[in-house]
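Summary of structural features
Residue-level listing of the chains:
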Amino acid sequence: MTANTVFFITGVSGTGKSTIGERVASELRLVFEEGDSYHPVASVEKMSAGIPLEDADRWDWLTHLNKIAKDHLANDRSAIISCSALKASYRALLCEGLSEGLNKELTGRQAEEKKNPLAKSVQSNVRFIYLHASTDTIGQRLKQRQHFFVGDDMLKSQFATLEIPNKNEAFFVDVSQSIDEVVAKCKTFISSVIDAS
């Protein structure tokens with residue numbers, strides 16, 4: 001049996017998580033989940049008013065995304081989920097329980113991961129892709145589009161909250177390059193993980 005994988009595409013607002021995640025999922029024929037669409041109404045109203053979310057606003061949302069990830073794995077599907085996942089504690093909650101019941105299937109996969117740095121991860125069947133660029137680059141992109149998260153204060157808040165993962169925890173992609181290049185790098189990474197399973 002192949003161990004399926006959930007890929008969380010992460011980063012601050014404006015990095016292109018939704019656009020890139022949807023395109024990569026389409027080209028690789030994987031399920032895509034837009035994490036922002038699962039925010040409760042109260043959180044959407046806060047963000048629409050330019051009020052940054054606090055940890056208390058995020059826990060139920062992150063728990064729900066974790067459940068969605070578990071449901072995909074339980075139904076023998078790999079999936080891509082977009083989610084800012086700004087803090088290490090948020091990423092830990094997203095991962096919670098995602099490797100349970102798969103240990104017997106992973107002997108060959110773990111050996112492959114040692115050979116292939118792209119396939120390495122903290123968890124057995126969850127991976128993080130971290131999209132990043134400079135504050136100026138992301139700010140310029142946000143000004144060019146209509147989105148209920150747009151706003152200088154919101155972006156500053158996200159960068160202030162951000163705890164950048166280390167390179168053993170996530171695959172880093174610089175989104176200041178073209179979208180085609182970003183998509184290609186994400187596809188290479190995801191394919192390497194799936195092939196290693």
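Going along each chain's sequence as written, the residues are numbered from 1 onward. The predicted nature of this model means local features are confined to residues of pLDDT at least 70 and side-chain atom pairs, given and counted, to a pLDDT of 80 or more, with totals for whole chains, interfaces and linings taken over all residues. As a rule here, side-chain values come from all non-hydrogen atoms in the structure, and water together with hydrogens is ignored.

Each helix and strand counted, the protein has 8 helices and 5 strands in total. Here a helix means four or more residues in a row that DSSP labels H or I, a strand means two or more in a row labelled E, and each is numbered from the N terminus. Each helix and strand of the protein, placed in order from N terminus to C terminus, yields the pattern β-α-β-α-α-β-α-α-β-α-α-β-α. Partly exposed describes any residue whose relative accessible area lies between the buried limit of under 20% and the exposed limit of over 50%, with all areas from a 1.4 Å probe on protein chains only and scaled to the type maximum. Counting every position in the protein, which comprises 197 residues, the buried fraction comes to 46%. Any pair of residues with heavy atoms lying within 4.5 Å of one another is described as a contacting pair. Taking as baseline every contact in the protein between residues at least 6 positions apart, the subset at least 24 positions apart corresponds to 79%. For every accessible area listed, the method is Shrake-Rupley and the probe measures 1.4 Å; residues are considered covered only by the protein chains on display. Counting every atom, the protein has about 9,900 Å² of accessible surface; 49% of that belongs to carbon and sulfur.

For the rest of this paragraph, the subject is the side chain of Q177. Note on placement: Q177 falls in the loop between β5 (171-174) and α8 (179-196). Taking the relative accessible area as the measure of exposure, Q177 reaches 19% and is therefore buried. Here a polar contact is recorded for every N or O atom pair within 3.5 Å, except that within protein the pair must consist of a potential hydrogen donor and a potential acceptor, and residues adjacent in sequence are included only if both atoms are side-chain atoms. Looking at Q177, its side chain comes within polar contact range of the main-chain oxygen of D174, at 2.6 Å. Here Q177 is in contact with R141, V182 and K185, once residues within four sequence places are set aside.

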